[in-house]
Structures are given as C-alpha cells and as structure tokens.
Amino acid sequence: MKSRVDGQFLVDASTGPPGAWRLLFPALAGWVMYALLIHRPEASRWCIAVAFVAGIVTLVGTLRSRHRDGNRSAPTVRSALLVLLTVVILLAARVEMSDTARMHVEFVAAAKQERAIEFQADVVGFPRATAAPAGGASFGMQAMADMHGAAVPVNLWLDGAPDVTFGPGTRVAVRGRPKPAMLGATSAWHITVRSLQVVAPAGGWNATASRLRASLLAAASPVASASLVPGFAVGDTSLVNEDLSADMLETGLTHLTAVSGANCALVVSAGIWLASRLGLGRRARLPIAGLFLLGFVGIVGPDSSVQRAAVMAAVVLISQFAGKRSQALSALGAAVLILLIRDPWEAVQAGFALSVTATLGILLFSRQFTSGLKRRCRVPGWLATPFALTLAAQLTCGPLLLLLQSGVSIVSVFANVLAAPAAPLGTALGLGATIVLPVAEQAGTCLVYLAAIPARWIEIIAAIGSELPFGRWHWSGGWFGAGALALVEAIGVMLVAVITRQLSRGTWETGKRRLPWGEVQRLPVAAKRISVLLGATSAGIALTMIGVAPVASKIGIPQDWAIVSCDVGQGDATLLRDPERPDFVMLVDTGDDEHLLQQCLKRFGVSRIDQLVLTHDDRDHVGALDAVAGITETVIIAPANADDGEDRALVKSLRAHGLTPVIVRQGDTGGAVPGGNSGLWWKALAPAQGVVPKDTNAASIVMSVSIQGQRILMLADTGKDEQKSMLAAGLDVSSDIVKIAHHGSKDQYLTLYEQVGAGAAFVSVGSKNRYGHPNQELLSALQKMGMQTWRTDDLGTVVFVLEVQGLRGFHMKGRGASVRLP
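Keep in mind it's a predicted model, so treat the numbers as computed, not measured.

Definitions and limits used
- Residues numbered from 1 in each chain as written.
- Predicted model: local features only at pLDDT ≥ 70, side-chain atom pairs only at ≥ 80, totals over all residues.
- Heavy atoms only, no water.
- Patch = residues over 30% accessible without salt bridge, like charges linked within 9 Å, V, L, I, M, F, W, Y side chains within 5 Å.
- Areas by Shrake-Rupley, 256 points an atom, 1.4 Å probe, with all protein chains shown as cover.
- Salt bridge = Lys/Arg side-chain N within 4 Å of Asp/Glu carboxyl O.
- Lys, Arg positive; Asp, Glu negative; His and termini not counted.
- Charge placed at Lys NZ, Arg CZ, Asp CG, Glu CD.
- Helix = DSSP H or I, 4+ residues; strand = E, 2+ residues; numbered from the N terminus.
- Buried < 20%, exposed > 50% of the residue type's maximum accessible area, 1.4 Å probe, protein only.
- Pairing = 2+ DSSP bridges.
- Right-handed = clockwise from strand over helix to strand, strands pointing away.
- Axes fitted to C-alpha atoms, helices over the stretch in contact; angles between N-to-C directions.
- Parallel < 35°, antiparallel > 145°, perpendicular 65-115°, else oblique.
- Left-handed = near helix turned anticlockwise from the far one by under 90°.
- Contact = heavy atoms within 4.5 Å.
- Arc of directions from axis to C-beta.
- Polar contact = N/O pair within 3.5 Å; in protein donor to acceptor, adjacent residues only side chain to side chain.
- pLDDT = per-residue confidence, 0-100.
- Phe/Tyr/Trp six-rings, centres within 6.5 Å; stacked < 30°, edge-to-face > 60°.
- Lys NZ or Arg CZ within 6 Å of the ring centre and 35° of its normal.
- Nonpolar A, V, L, I, M, F, W, Y, C, P; charged D, E, K, R; others polar.

**Quick look at a negative patch on the surface**
Judged by side-chain charge, Glu242, Asp243, Glu594 and Asp626 come together as a negatively charged surface patch. As for its placement among the helices and strands, glutamate 242 is situated in helix α7 (residues 242-250).

**Considerations on the pairing of strand β24 (residues 760-763)**
With burial as the criterion, each face of β24 is covered, one bearing Ala760 and Phe762 and the other bearing Ala761 and Val763. As judged from the three bridges shared by strand β23 (residues 737-739) and β24, these two strands associate in the parallel manner. From the neighbouring strand, valine 738 faces β24, where its bridge partner is alanine 761. After leaving β23, the chain enters helix α24 (residues 750-756) and then returns to the sheet as β24, a path that is right-handed.

**Remarks on the packing of helix α13 (residues 381-404) against helix α14 (residues 411-419)**
Relative orientation of the contacting elements α13 and α14 amounts to 140°, with a least axis distance of 9 Å. With respect to their mutual orientation, α13 and α14 come out oblique. As α13 packs across α14, the resulting crossing turns out to be right-handed. Every residue of α14 that contacts α13 at Leu383, Pro386, Phe387, Thr390 and Gln394 is listed here: Ser412, Val413, Phe414, Asn416 and Val417.

**Considerations on the environment of glutamine 197**
With respect to the element layout, glutamine 197 can be found in strand β8 (residues 189-200). Measuring from C-alpha to C-alpha, the distance between glutamine 197 and arginine 175 comes to 9.1 Å, with 22 residues separating the pair along the chain.

**Examining helix α25 (residues 776-784)**
What α25 keeps buried is the set Leu778, Leu779, Ala781 and Leu782. Buried residues along α25 cover an arc of 160° about the axis, so they all sit on one side. The outward face of α25, more than 90 degrees from its buried face, is lined by the exposed residues Glu777, Gln783 and Lys784. Between the side-chain oxygen of the N-cap and the backbone nitrogen of glutamate 777 there are 3.1 Å, and the N-cap of α25 in question is asparagine 775. Following α25 by one or two positions, glycine 786 has its phi on the positive side, about 90°.

**Regarding the confidence of the model for the protein**
When pLDDT is averaged along the protein, the result is 80, and 84% of the positions lie at 70 or above. Between residues 1-17, whose pLDDT stays under 50, and residues either more than four places distant or in other chains, the model counts 34 contacts. Across residues 133-137, confidence stays below pLDDT 50; counting only partners more than four residues off in sequence or on other chains, it has 23 contacts.

**Examining the pairing of strand β21 (residues 702-707)**
Burial runs high along β21: six of the six residues are buried. Of the two faces of β21, both are covered, the one formed by Val702, Ser704 and Ser706 as well as the one formed by Met703, Val705 and Ile707. Pairing of strand β20 (residues 680-686) with β21, which is carried by six bridges, proceeds in the antiparallel orientation. Each residue of the ladder has a partner; that of lysine 683, found in β21, is serine 704. The sheet contact formed by β21 and strand β22 (residues 710-714) spans five bridges and is antiparallel. Its bridge partner lying in β22, isoleucine 707 is registered against glutamine 710. Hairpin connection from β21 to β22: two residues lie between these consecutive antiparallel strands, with glutamine 708 at a positive phi of about 50°.

**Description of the packing of aromatic side chains**
Applying the stated criterion across every chain yields a total of eight aromatic pairs. With 5.7 Å between their ring centres and 15° between their planes, phenylalanine 365 and phenylalanine 369 make a pair best called stacked. Taken as a pair, phenylalanine 365 and phenylalanine 369 lie in helix α12 (residues 350-375) at a separation of four residues, close to a single helical turn. Judged by its relative accessible area of 23%, phenylalanine 365 is partly exposed. Members of the aromatic cluster, connected to one another through ring pairs, are Phe107, Phe119 and Trp189. The positively charged end of arginine 102 is found above the aromatic ring belonging to tryptophan 345, 3.8 Å away from the centroid. Here the basic side chain of arginine 213 rests over the ring of phenylalanine 126, its NZ or CZ set 4.0 Å away from the ring centre.

**Considerations on the pattern of salt bridges**
Tallying each qualifying case throughout the model produces 15 salt bridges. The salt bridge partner of arginine 648 is aspartate 617, with a shortest N-O separation of 2.8 Å. Here aspartate 617 lies in the loop between β16 (609-614) and α20 (619-622) and arginine 648 lies in the loop between β17 (632-637) and α22 (649-656), a separation of 31 residues in the sequence. The burial state of arginine 648 is the same as that of aspartate 617; both residues are buried.

**A short note on the side chain of arginine 102**
Structurally, the position occupied by arginine 102 is in helix α3 (residues 74-102). Although buried, arginine 102 forms no salt bridge, and the nearest oppositely charged side chain, aspartate 343, lies 5.0 Å from it. What arginine 102 contacts, discounting residues up to four positions off in sequence, is Val152, Pro153, Ala185, Thr186, Ser187, Ala188, Trp189 and Trp345.

**Re a nonpolar patch on the surface**
Among the surface-exposed residues, Trp273, Leu274, Leu278, Leu280, Leu291, Phe292 and Leu294 lie close enough to one another that they form a single nonpolar patch of about 710 Å² accessible area. Sorting the residues of the nonpolar patch by element identifies α8 (261-277) and α9 (282-300) as the ones contributing at least two each. Residue contributions to the nonpolar patch peak at three residues, all from α9. By secondary structure assignment, the location of leucine 291 is in helix α9. A relative accessible area of 56% means that leucine 291 is categorised as exposed.

**Observations regarding the packing of helix α15 (residues 422-436) against helix α16 (residues 441-467)**
Taken N-terminus to C-terminus, the directions of α15 and α16 make an angle of 160°; their axes are 8 Å apart at the nearest point. Taken as axis vectors, α15 and α16 run roughly antiparallel relative to one another. Handedness of the crossing formed by α15 with α16: left-handed. Together, Ala422, Ala423, Leu425, Gly426, Leu429, Gly430, Gly432, Ala433 and Val436 of α15 and Ala443, Gly444, Leu447, Val448, Leu450, Ala451, Pro454, Trp457 and Ile458 of α16 make up the contact between the two elements. Partitioning the contact of α15 with α16 into residue classes produces 14 nonpolar, four polar and no charged.

As structure tokens, this is what we get:
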C-alpha cells in the first residue's frame, strides 16, 4: 500500500525497508562481518554453514507463505534477509580462500626461521617513498607473489629508489626476508628485499603510464611550489616535504594529495562536458564519462585507494544521472560488495571506511544542506555547494577520524571550501601536463608552472589554517570519543530537522511524519520538547569533551614521574628521567604510531628529548621517529647486523633529519650523570663488543638504567640466546624493575629473570595482537618469582614514581588506581 505526500511515497510498515536500503543494509552488515572475520578467519566456515542453513529455512518459509495465502508483503522482509544471508556466504567464502593463500607455508616457514626466500612476483602498484617496516625512509611496492600458482599479496621494500619504469605489470625475481604484516593489513607479508631483478618489464599501457608519471615528476621537481602538482594529478606525494604534509593533515586537506573521489569526479565532469559539447544525449554521456574514468585510473595506477576513489565517483555519477537517491544508495551497496569481494582486507582499512562513509554522507545530506544554505542562509550557489559537500562528508567521517587521531578540526571545513576552486584547477592542469609532456615538453612544463599557482594557494591555506589558535578542539580519540561524537551529531541533526520543520520532508503540512520504513503517524508536540532536551544534552556532551575532559585528563597524572611506558600499541616507547632533574629526558624507542607517541609526550609535558635510544631497527621500535626527530638532541642506535648489513635505512633516515647516530655496545655508558650514584645514568649490557649480531633482534641494545639508585633493566627485543650470553659474560643484571623482552614473547631465558630479582616488570604490547603477546606461561613464571607485571594492553600507559620506600606504579586506564611496588 502506497500513499503520496508532497511528492514522496510513504511506505506502509508491513512492506519493510524501502528498496534503496535492501542492498545497502546487507552490504554494510557484510562489511561489519568481514571486519570481524579478518581477525578470526577460522570462523568463516562456521559463518558459511550457519548462513546456508538460515537461508534454506528462510527460503522455504517464504515459498510456503506465498503458496498458502498469497501474502506478498511479509516475504519482502524475508527477501531482504535472503540477500543478507547470500552476502554473508559470499564474503565468508572469500575470506576462507584469501586467508589460505595469504598464509602460504613457504612464507610462514621462512619467517619463523628468519631466513630469506626467493620467488617471482607481479608488481601491482607504483613505487612510493614511505616508512619501511624496518624503519627509515624506503620505497615500497605492492606486488602479488607467485607461489606455485597461489597469489600472495606482499609489500616489497627497497632501500633505494627503483627505476622510473617500475610499475604495474612488471615481473620481478625477488630474494628477501619476509615478516608478517600487522593483522588486517592489505598485504600479508613485508619483504625486505636483498636482491631484485626484472624478469619481464611492464608493457603496453602500464609502461606508458609509468613514463607519464616519471615525466611529470621530473618536470615538477625544479618548479617552486609545484610539490603538490603530482599529488593532484597522479597521487604521487614524493615531492611533498614533512612540514607541508603536517599542515595538510592538520587542516584536513590531505585527501587532495592522494587520488580521491574529488579527482575522479573532476575527470568524470570533464568527460560529461566533452560529451555535451559534442551534442551527445544524456544516455551517451555516461559511457563517455566512464571511459575518462578508466583512462585516469590507468594513469595513476591500480592501487586499492585509486580503485576505491573510482568506484565511489561512479556511485556519485549514478546518483547524478539517475536523479534518484534510492538508486544511488543501491549503487553504493553494490560498490561496497564489489570492493570487499575483490579484497576482503579492505574491510579494516581506514581509507575504505572513510571513502564509504563520505560518499554515504554526500548522498544523504548534501542536497538538504545545499538547499538550506541557499534558502535560509542566503549563501550563493557557487559557495553553498562545496560547503555542503564538505560538511556532509565531515559529518559522517568525523567519528571515524577520531579512531585515527584525537581532536576535532574546526578549520577543516573552511579550509576545504577555500581550496575547492583551486584543487580542480590544479588537478586539471596537472593531468594536462602529464599528457602533454611526452609529446611537447615546453608546453607541458608551462602547464606545470600554471598548476603550481593553485598548488601554492592550497599550501598557503594549509600553513595559515594549521597555525590558527583553537583550530583543533580537544576530543578524546578511540571508540569512546567516536561514539560520543556520533551521538552529538545524530542529536544535532535531529534538532536542526525539528527546528527547520524538515524532519519528514514535506509532511509537516499534513501534521504527520514518516518513519524510515513504517506507518504514517502524527508528530506529537512533546517530540519537539524532547528534541530540544536532547539538543541540550548534545551541547553538554560537547562542552564536556572539549572543555572539561582536557582539564580532567591532567588530574591524577604524577608530576614527579620517573618511568613512563607509553601505550603505543604493539611497540615500545619508554620515557626515563630523574624527577630532581626533569630537564633531562631519555626516550627508549618510539613505537610505530606517531599519534600515540605524540599524545604520550604531550600528556607528560615532554617537549625536548636529550637522548633517544633506538634499541634496534624494527619498525615497532623506530617507526614513529619522524614524530620526535625535530626535538631530539642525541640519537643512540644499535650496531649493524649480518642480516641488514651496513647500508641501513634507519641510518639514512636519521641523517636526513640532520641527526648523527651514536653506536653503542656492551660497556658503553651515558646519561645525565654517567657512572654516578644519583641522577640518571645508564650502562649498555649488550650487544657484545667485536661481534656482528645475526639480525635486528640480536643487535638489540640492553641497558641497565639507574635513577637515584633505583635500577631498571631494559631488555629490548632480545631472545633466549642473547639473554644466555649476558649471563655467560658475568654481567650484573640485578634490578628493581625490568622491561620484559620482546613484548613478552615466549623466547625468553627464565634464569635471567631469576637473576634480575626485580619486584615488578612492565611490558609494552598491543591489545589483541596476532602474536599472542605476552606469553601466559612467561607471566605465570614471573608471578611465581614475585614480580608484579604491568602490561599496557590491559592498563594503558604505565607510570612509575620514585618514593622513599622504592617505586610506586600508576596506570592510565580505569580509575587510575595505583599500587605500591614491593
């Protein structure tokens, strides 16, 4: 049964959800299921079995209902359920197949034995300068390893820049050491490449695309203010320096330097414009726009981010041509399913989540926001449209952004509006230069210079916006902060809808409202009062998060801390200082999450690091180097190891930051008062002099640190062999507190811990990590030895304070309880 009110159909409750949502809801539900199965792939078979049985039952029930009484309304709900169960079966089967291929036995064996492996691979992405898993600047390439017919997704890491012709379609022979990627990563393995040879170069369009990118980079490199141009055109950010990158991140403009939906939308618009100029009809314009989009994807490369952007642009294109939001929402659901079936691991990628939610926000809210700005705020259309698009995308992406970075950027919306005219112009000129350079170098160079003008405008916006006071408001990150912001936004949208009399789009004239899918009901006056009350509640939550929470977070933090084990996930970052000399601060390792490290430093008032100790070169210990390089005076690193050799990426990165590393070995000392009985000093216990460690873990710097006579043993990522060697050398390892080695792995020599004789131990480890850290048998053994264990995955950041009786520990989760150590 259907009725029409003010040009819109109102659907009776018995008919179930509108058709617009029957595909989108199963797609979103499948997305959630995928995200769960990625972490528990062994459960995929159970999902398939349960969904299959439920589908059979639902199908039989639907057929019986129709046969019995001809009921056509109830099966509508069942049909939506059947779609959902079909999606579950397809996605779970895809996870099962993908996980089997990703965990190939040869890679698993090589990783366990810490040895190199040889294989051939097909490159599927262009090389990008980025941070390698072993730390330091490096070049990464996505590839599919050919393991006897099984395709395994890997990242190939090279110390130097590869040849400019490297790109999708290149067949390479690789020898390198594999390390498992973090759980949920698109690639299953990180390969530190020892040797790489081209078996078959890229041909056809792939070779042409590589040459086009190389010519654009070569032309933009010497041009002032053109560093953003390759980012606009082909998504290459290798020319963007750290300061500009940080400014773009702070002002929410980073998406402009990557291939995003905005770039794809511009290309699509160009195709539509050309088709209209040629006099083609509306139906002919869609395939022309699609061809333009395919050509653009071919130039910038088949990376997953590019494919996401292209698919989401196609969804918006469908919404524009169809003229109905229902078809656009169905297209979005189909797009989500296609992307997830192509690569199930997209389900836990931040880029995928932001692309989907931004597109959903634009489809749901952009027209209403644009209309409201025009009618109620008298904003001209040329300004209302970009402002509404940015606001709609920010509204839906805001909670997800808090999972990546705490704080709410106020300037991002305005910065994007100011950049809106320049970004398409820069992209168009950059793409024009990319196409023209190979055939007319001077004309292409002129286009690069022209593209540098809008690029400079965006640089100015980013620089000014990042320096504005109160540009970013405090808001807690993580799931709690994301949930609080989502609640505030939901209540705010409801309140605005009530005030503007648009809660049901046109039904206020009849005094009725429409449920999302339900019967028509009168809207009681009390609902308005409740909405106002909810609005006040929303404002209260916002004020609490923005104003009260920052002050409250400082309460209970010991100002006289001596040891801080920062919660940086699956990594290490430990602050050390003498409370009587708080101006001298040591940081042992950085972890690999810059945001979490910066958050810890800010919380404990650290703005300068006198000595940065990087115990070894693994990413989970040096990956966040960029966050502290600018405030570091001295850097101490481990010696070279046999696996990596002297040409280390970490050393290159440090020198690029203007830092000269100091290598320490057993017997070396340092600190604020080296060798004294007061203040802070340290002595290196490993690695031994005159020995070349076999790998990065074996090269780990072990330190005995003394703070006012209290001794702390920092074991880094040593294993059983290294710990045995220390005891065999007769070293004094006795301490008051010990940092458990290697995040609490089972590769430990318990006799060493017995010799330590500490009253407490702490371990830095990520919550629900894939490695099973910390090992429960180890924790039980330490407990029997009388050690109280403090772990960051359970307690958050752990703090120790010096007292007359010894050390006292605090933690940052729960109620911040403290326990005096024995």
